[in-house]
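Summary of structural features
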Amino acid sequence: MARRDLSLLGAHMSIAGGYHRAVERAAAVGCQCLQIFTKNSNQWRDPEVSEEQAGIFREAMRTSGLRAAISHDSYLINLGSPDQSLRDRSVGALAAELKRADLLGLDYVVVHPGAYIDGSVEAGLHRISAAIDDIHAAVPSARAKLLLETTAGQGTNLGWRFEHLAAILERVREPSRLGVCFDTCHVFAAGYPIHQPRGMAAVLREFDAVIGLSKIRAVHLNDSRAEFASRVDRHAHVGQGKIGTEAFRRLLRDERLAGIPMYLETPKGTDAEGRDWDAVNLELLRKLARSR
Ligand SMILES: [Zn+2]
Ligand SMILES: [Zn+2]
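What this report covers is the structure whose coordinates are included nearby. (Residues numbered from 1 in each chain as written. Chains lettered and ligands numbered in written order. Predicted model: local features only at pLDDT ≥ 70, side-chain atom pairs only at ≥ 80, totals over all residues.)

Let us look at the overall build of the protein. Across its full length, the protein holds nine helices and 12 strands. When burial is assessed residue by residue, the protein has 44% of its 292 residues classed as buried. Taking contacts inside the protein between residues at least 6 apart in sequence as the whole, the part at least 24 apart equals 75%. (Helix = DSSP H or I, 4+ residues; strand = E, 2+ residues; numbered from the N terminus. Buried ≥ 20, exposed ≤ 12 C-beta atoms within 10 Å, placed from the backbone. Contact = placed C-beta atoms within 7 Å.)

Shown next as structure tokens:
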């Protein structure tokens, strides 16, 4: 039997103590890929990453055997804001994030599309597309690419309908510099029924028709504490939320997503038996990926 090229499985890790510490944390629990914040995600301040720090991180990646690393943008950023100063600050912050990503050798920066705050969905999508064009123009030779994340749709956040992401991809001047990050918890909370029998297959079919599965460059593997279609974003351990394991099994075994890095963003700490939660979730995912 031919061996399937399974997806790479990893997790979001803290950079406390230095960027290279995230690599050590990931390797210690058996990750094959790693997501980080390149800065404090609740502050605007952009850290200066020295060539030395970046070199240590890249060397740690090489020796660890990890095969992919990406970053997630700051929670303060809002490319859809009607407030010009917040919008400009967001564009600057993401341009700086792409520069840091290149320095660290990260492939992608996951970004929440943005919230429209007031006015219409349409105006928000227009502002987000224009802001992405400005980011691309600010760092024309950046190697790292932005990944628009599917969102839960809390408040006026856009990106919870696949059509929102398709509209942004259609409008930007350089769509080849954009991909998508598919988050299982967010898609479920947004109202896509991946928890139902054959639900994941149907939702992937819809994603393929609206956006195209080839645009998926990363997946976030989170179960949901919040109800289906609640538009509320609360991550749970795999199989311990409202989604259940079947959707994860179907996603992990999809040939069209083979080799795509998939990251846990589930709660940290240890389970009742004292086992690291990331290790527990990764073991369950690997079991699901091998099962029929
Ligand atoms: Zn996510
Ligand atoms: Zn989330």
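With that settled, the discussion passes to the environment of leucine 165. Inspection of the secondary structure puts leucine 165 in helix α5 (residues 162-171). Leucine 165 sits in the buried class, given 27 other C-beta atoms within 10 Å. Expressed as a C-alpha distance, the spacing of leucine 165 and tyrosine 19, which sit 146 residues apart in the sequence, is 31 Å. Leucine 165 has contacts with Leu148, Thr150, Gly159, Val180 and Ile211, leaving out every residue within four places of it along the chain.

The strand order around the closed barrel built from eight strands is β1-β2-β3-β4-β6-β8-β9-β12, with neighbouring strands paired in parallel fashion. Direction aside, neighbouring strands of the sheet carry axes that sit 30° apart on average. Where strand β1 (residues 8-12) meets strand β2 (residues 33-36), three bridges bridge the pair, whose relative direction is parallel. Paired with alanine 11 across the bridge in β2 is leucine 34. (Pairing = 2+ DSSP bridges. Axes fitted to C-alpha atoms, helices over the stretch in contact; angles between N-to-C directions.)

Once that is clear, we can look at helix α4 (residues 121-138). An ideal rise of 1.5 Å per residue puts 26 Å on 18 residues; α4 measures up with 26 Å between its terminal C-alpha atoms. Among the residues of α4, those classed as buried are Gly124, Leu125, Arg127, Ile128, Ala131, Ile132, Ile135 and His136. The inward-facing, buried residues of α4 abut α3 (84-104), β5 (114-115), β6 (145-149), β7 (157-158) and α5. (Expected span 1.5 Å × (residues − 1).)

Once that is clear, we can look at helix α9 (residues 277-290). When the terminal C-alpha atoms of α9 are compared, their 20 Å separation across 14 residues agrees well with the 20 Å that a helix rising 1.5 Å per residue should span. By the burial criterion, the buried members of α9 are Asp278, Asn281, Leu282, Leu285 and Leu288. Down the axis of α9, the sector holding all buried residues measures 125°, keeping them to one side. Opposite the buried face of α9, by more than 90 degrees, sit the exposed residues Lys287 and Arg290. Where α9 is buried, its residues touch β1, α8 (245-252) and β12 (261-264). (Arc of directions from axis to C-beta.)

What follows concerns the pairing of strand β3 (residues 68-72). With five of five residues buried, β3 is to be regarded as a mostly interior element. On β3, burial covers both faces: Ala68, Ile70 and His72 on one face and Ala69 and Ser71 on the other are all buried. When β2 meets β3, the two strands line up parallel, connected through four bridges. Bridging from a neighbouring strand, leucine 34 pairs with alanine 69 of β3. Taken together, β2, helix α2 (residues 51-64) and β3 constitute a β-α-β crossover, and its handedness is right-handed. The sheet contact formed by β3 and strand β4 (residues 108-111) spans three bridges and is parallel. Within the sheet, the bridge partner assigned to serine 71 lies in β4 and is valine 109. Handedness of the crossover joining β3 and β4 through α3 is recorded here as right-handed. (Right-handed = clockwise from strand over helix to strand, strands pointing away.)

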